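Structure at a glance
So the chains spell out like this:
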Amino acid sequence: MSAVAWWMAGELCRGFLPYDGVPIPVGSKSGITEGDFNRVIDQVAVLYEPYARAAGKELKFHRQWSSPSVNARASRTWTSWIVTLHGGLARYPGVTADSFALVVCHEVGHHV
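Residues numbered from 1 in each chain as written. Predicted model: local features only at pLDDT ≥ 70, side-chain atom pairs only at ≥ 80, totals over all residues. Heavy atoms only, no water.

1. Observations concerning the overall build of the protein chain
Our working rule: Per the convention used, a helix needs a DSSP run of H or I reaching at least four residues, while a strand needs a run of E reaching at least two, with both numbered from the N terminus. Each residue is assigned to one of three classes by its accessible area relative to the maximum for its type, calculated with a 1.4 Å probe on protein chains only: buried under 20%, partly exposed between the two thresholds, exposed over 50%. By definition in these notes, contact holds between two residues if any of their heavy atoms fall within 4.5 Å.
A tally of regular secondary structure across the protein chain gives four helices and four strands. From first element to last, N terminus to C terminus, the protein chain shows the α and β order α-β-α-β-β-β-α-α. Per-residue burial for the protein chain yields a buried fraction of 36% across its 112 residues. In the protein chain, the proportion of contacts linking residues at least 24 apart, taken out of those at least 6 apart, comes to 62%.

2. Considering helix H2 (residues 34–54)
Worth spelling out the cut-off: An expected span of 1.5 Å times one less than the residue number is assigned to each helix. Note on bend: the value at a residue is the angle between axes fitted to the seven residues ending there and to the seven starting there.
Here H2 is 21 residues long and its end C-alpha atoms lie 30 Å apart, about the 30 Å a rise of 1.5 Å per residue gives. Roughly 40° is the biggest bend found in H2, and it falls at Tyr-48, with proline Pro-50 one to four residues downstream. Regarding H2, the residues found buried are Phe-37, Val-40, Ile-41, Val-44, Ala-45 and Ala-52. The inward-facing, buried residues of H2 abut strand E2 (58–64), strand E4 (80–86), helix H3 (87–90) and helix H4 (97–111). Of the residues trailing H2, Gly-56 is marked for its positive phi of about 75°.

3. Quick look at the nonpolar core
Heads up, the rule is: Put simply, a nonpolar core is a bunch of buried Ala, Val, Leu, Ile, Met, Phe, Trp, Tyr and Cys residues held in one set by side-chain atoms that sit within 4.5 Å of each other.
Judged by nonpolar contacts, the single largest core of 23 residues is most densely connected at Phe-37, Ile-41, Phe-61, Leu-85, Phe-100 and Val-104. For this core, the secondary structure elements donating two or more residues are H2, E2, E4, H3 and H4. A total of six residues in this core trace back to one element, the largest contributor, which is H2. With near-sequence residues (within four places) excluded, Phe-61 lies in contact with Ile-41, Val-44, Ala-45, Val-83, Leu-85, Val-104 and Val-108.

4. Topic: the packing of aromatic side chains
This is how the line gets drawn: Only centres within 6.5 Å qualify two rings of Phe, Tyr or Trp (six-membered ring in Trp) as a pair; their planes then separate them into stacked at under 30 degrees, edge-to-face at over 60, and tilted for everything else.
This model, assessed by the stated rule, comprises three aromatic pairs. A ring pair is formed by Tyr-48 and Tyr-51, whose centres lie 5.7 Å apart and whose planes are at 40°; its orientation type is tilted. Here Tyr-48 pairs with Tyr-51, and both are found in helix H2, just three residues apart, close to one helical turn. Since its relative accessible area comes to 23%, Tyr-48 is described here as partly exposed.

5. Considering the environment of Ser-99
Inspection of the secondary structure puts Ser-99 in helix H4. Sequence separation between Ser-99 and Gly-31 is 68 residues, and the spatial gap between their C-alpha atoms is 9.9 Å.

6. Points about the pattern of salt bridges
Basically, it comes down to this: Between Lys or Arg on one side and Asp or Glu on the other, a salt bridge is scored when a side-chain nitrogen of the former is within 4 Å of a carboxyl oxygen of the latter.
All told, the structure shown has two salt bridges when counted by the stated rule. Here Asp-36 makes a salt bridge to Arg-39, at a shortest N to O gap of 3.4 Å. Here Asp-36 and its partner Arg-39 are both found in helix H2, three residues apart, which amounts to about one turn of the helix. Where Asp-42 meets Arg-63, a salt bridge forms, and the shortest distance between an N and an O atom there is 2.6 Å.

7. What about H4?
Note on helix geometry: an α-helix contains 3.6 residues per turn, so any two residues three or four positions apart are oriented the same way. Operational definition: Working note: the arc is built from the helix axis to C-beta atom directions.
An ideal rise of 1.5 Å per residue puts 21 Å on 15 residues; H4 measures up with 22 Å between its terminal C-alpha atoms. Of the positions making up H4, those classed as buried are Phe-100, Val-103, Val-104, Glu-107, Val-108 and His-111. The arc enclosing the buried residues of H4, seen along the axis, measures out at 130°, which places them on a common side. Exposed side of H4, more than 90 degrees from the buried face: Asp-98 and Leu-102 are the residues found there.

Listed below in structure tokens is the structure:
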């Protein structure tokens, strides 16, 4: 799919990282916990939901903790700003709550 085609289809960011084919399954001992994953997303949601409402949109987070994919993406519909976050990214070695928050804010930033 061309760059123009995927953007017009509502996909704003194809992924935070290039796909390297190395999944990180649930149970990996690196990165952040599922609790931290959800806490960070909740904190970012509180900060940015007013921007979405002001634009007449609903900010939705698709939390894919069980996904081994090391990625995150932004997409939209006519009524929603969507941020999809995969657990493999949160479990990536060296990821902290702060660095994961940066990724979440990066994806929301595509909408803002």
